[in-house]
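Here is what each chain is made of, one letter per residue.
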Amino acid sequence: MGQFKATILAKYLTVRLRKESSRGGSLHVGITTIILCLFITSIVLFLGAFLRTHVTEFLSSSSSMEEVLPAIFFSPPIPDCASSTMNTSLASQSADQVWHSMNDEELMWRASMEPRVSQYPYNRTPKLAFMFLSRGNLPLAPLWEMFFKGHEGFYSIYLHVSSIIDFTPPYSSSVFYNRMIPSKPVQWGTATMVDAERRLLANALLDWSNERFILLSDTCIPIFNFTTIYNYLIISSWNQSFLGSIDDPRPMGRGRYNKRMQPELTLADWRKGSQWFEVHRRVAVQMVSDIKYYSILKQHCKPPRCYMDEHYFPTLVTKILPEINTNHSITWVDWSRPGSHPSMFVRKHVSEGFLMKIRNMTDCGFTHRTRSTICFLFARKFHPSTLEPLLRIAPSLLGFTDKIN
């Protein structure tokens, strides 16, 4: 095509030269014009040949395309369902490394994706996702190390740290090694607390094997061994979630409702509950996917009149999935003392009798729809000084040496 155009241009210039020659004095102008046109034509032909060669090479190279176009167009090939690497390559593609460069909007979008086909195309072992919301280091980490020991493959750990300054990375042998997700500062009672919880949920949802999601603080302890907790949540609880949600008629409940939330949220929809929850994967997806109710509470539920972390999730779950929530938390706290925070337990409080009292509680505060009589699996708030007696009591009382068969 380029050669054809050049031939036409040459004929045109020949005719133009003859006309210019007949005009006598204009001959030198015609020659200048011809030289300029030939020069431009040469450049155009050269560039055309150059681009054609290199574009062809570029299009034939898949690696070049992967470098230029977004990664979404070049996802890793899904292995054969019969392959022994199916679990590690597909089911747990995000399990080994939790650090990433996604912002919150991208993270929530990706975590909200769920397959329509309920049957997994591989041998999936459902896991418990333990999500730790911490201000810095985990002072009770040695107790949790003992709790998780011997149960690899049945759990995942995610750590959100509010203050990097107060955080010392754990040793490579620790179960918390490389488990810190991209974190942001958190202020109690504000939307930043909810953001951190949603951030933990979203990161945990990226691992398809995670079935149950447990939110814990740096003052939480397990009051049963791993096997008991796993069986309770995976086997006994069916699809029930454990997220505290009550209609509190007091000023600290209904009194925090803002009429500006109408018509999307009415007073009848308004709920309050414990911040520490355990939810099924189906509920977790809704908790990170919501935009509508999150925006309403972020705008109309602010301290000191209203505390979003006490109302957002209880109200949301009651609004969209009330049938699969027990409205009860499985993390025990002591609210017997007046104040806005529960009791903090120190070294002198910890004994076998004290822990047994919590373990044997039968007043769950809800109609038990599981096949177990246990009310609480975790407890808080435990001061760092409780670590020594807890490590001494745990092996015999909690049976931390048990393994899942």
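To be clear, the structure that these remarks concern was listed above.
Below is a short write-up of the structure. Each chain has its residues counted from 1, running along the sequence as written. It should be noted that, the model being predicted, local features are given only for residues of pLDDT at least 70 and side-chain atom pairs only at 80 or more, the latter also being counted only at that level, while totals for whole chains, interfaces and linings use all residues. Computation of side-chain values covers all heavy atoms of the structure but excludes hydrogens and water.

With that settled, the discussion passes to the nonpolar core. Most often, soluble globular proteins keep nonpolar side chains buried together rather than apart. Buried residues of nine kinds, namely Ala, Val, Leu, Ile, Met, Phe, Trp, Tyr and Cys, make up a nonpolar core once their side-chain atoms join them within 4.5 Å. Per-residue accessibility, obtained with a 1.4 Å probe over protein chains only, is compared with the maximum for each type, and a residue is labelled buried under 20%, exposed over 50%, and partly exposed between these values. With 52 residues, the main nonpolar core has F130 and W144 as its most contacted residues. Helix and strand definitions follow DSSP, with helices as H or I runs of at least four residues and strands as E runs of at least two, each counted in order from the N terminus. Listed by contribution, the elements that provide at least two residues to this core are β1 (127-134), α6 (141-148), β2 (155-161), β3 (210-217), α8 (226-236), α12 (352-359), β7 (378-379) and α13 (387-397). With 48 residues, the next largest nonpolar core counts L205, M261, F313 and L321 among its residues.

Counting buried residues along β2, 7 of its 7 residues qualify, which places the element largely inside the surrounding structure. Residues of β2 alternate between two faces, with Y155, I157, L159 and V161 on one and S156, Y158 and H160 on the opposite face, all of them buried. As judged from the 7 bridges shared by β1 and β2, these two strands associate in the parallel manner. Across the sheet, residue S134 finds its bridge partner in β2, namely V161. For crossovers, right-handed means that the path from the first strand over the helix to the second runs clockwise, given strands pointing away from the viewer. Traced from β1 through α6 to β2, the parallel crossover comes out right-handed. Between any two strands, pairing holds if DSSP finds at least two bridges.

On to the packing of aromatic side chains, then. The pairing test for Phe, Tyr and Trp rings, Trp by its six-membered ring, is centres within 6.5 Å, and the orientation test on the planes gives stacked under 30 degrees, edge-to-face over 60, and tilted for anything in between. Tallying each qualifying case throughout the model produces 29 aromatic pairs. Three or more aromatic residues joined by ring pairs make a cluster, and in this case those are F130, F132, W144, F147, F148, F154, Y155, F176, F226, Y230 and F378. Positioned above the aromatic ring of Y158, the side-chain terminus of R179 is 5.4 Å from the ring centre. The side chain of R198 reaches across the aromatic face of Y294, ending 4.6 Å from its centre. Remark: a charge is flagged as sitting over a ring if the NZ atom of Lys or the CZ atom of Arg is within 6 Å of the ring centre and within 35 degrees of the ring normal.

Below, the discussion takes up unusual backbone geometry. With the exception of glycine, most residues fall at negative phi, and the peptide bonds are largely trans. Backbone torsion omega between Q262 and P263 reads 5°, so that peptide bond is classified as cis. Considering the arrangement of structural elements, one finds P263 in the loop between α8 and β5 (278-280). Here the residue pair R380 and K381 is connected by a cis peptide bond, since its omega of 10° sits within 30 degrees of zero. Tracing the chain through its elements places K381 in the loop between β7 and α13. Unusually for a residue other than glycine, N178 sits at a positive phi of about 60°. Take N178: it is sitting in the loop between β2 and α7 (191-205). Judged by its relative accessible area of 40%, N178 is partly exposed. The phi dihedral of N327 is positive, around 65°, even though this residue is not glycine. In this fold, N327 is placed in the loop between α11 (308-320) and β6 (331-332). Looking at N327, the relative accessible area reads 34%, which means it is partly exposed.

Let's shift gears to the sheet that holds β2. Taken in spatial order, the 4 strands line up as β2-β1-β3-β5 in an open sheet, and their pairing is mixed. Of all strands in the sheet, those with a lone pairing partner are β2 and β5, marking the two edges. Across this sheet, the average inter-strand angle for adjacent strands is 20°, counted without regard to direction. Where β1 meets β3, 7 bridges bridge the pair, whose relative direction is parallel. Its bridge partner being in β3, L133 is matched across the sheet by S217. Only heavy atoms matter for contacts: two residues are in contact if any of them lie within 4.5 Å across the pair. Lines fitted to C-alpha atoms define the axes here, with helix axes fitted over just the stretch in contact, and angles between the N-to-C directions of these axes take values from 0 to 180 degrees. The strands that α7 touches are β1, β2, β3 and β5; relative to β1, the one it contacts most, it runs at about 150°.

Function cannot be inferred from these measures alone, as they are strictly geometric.
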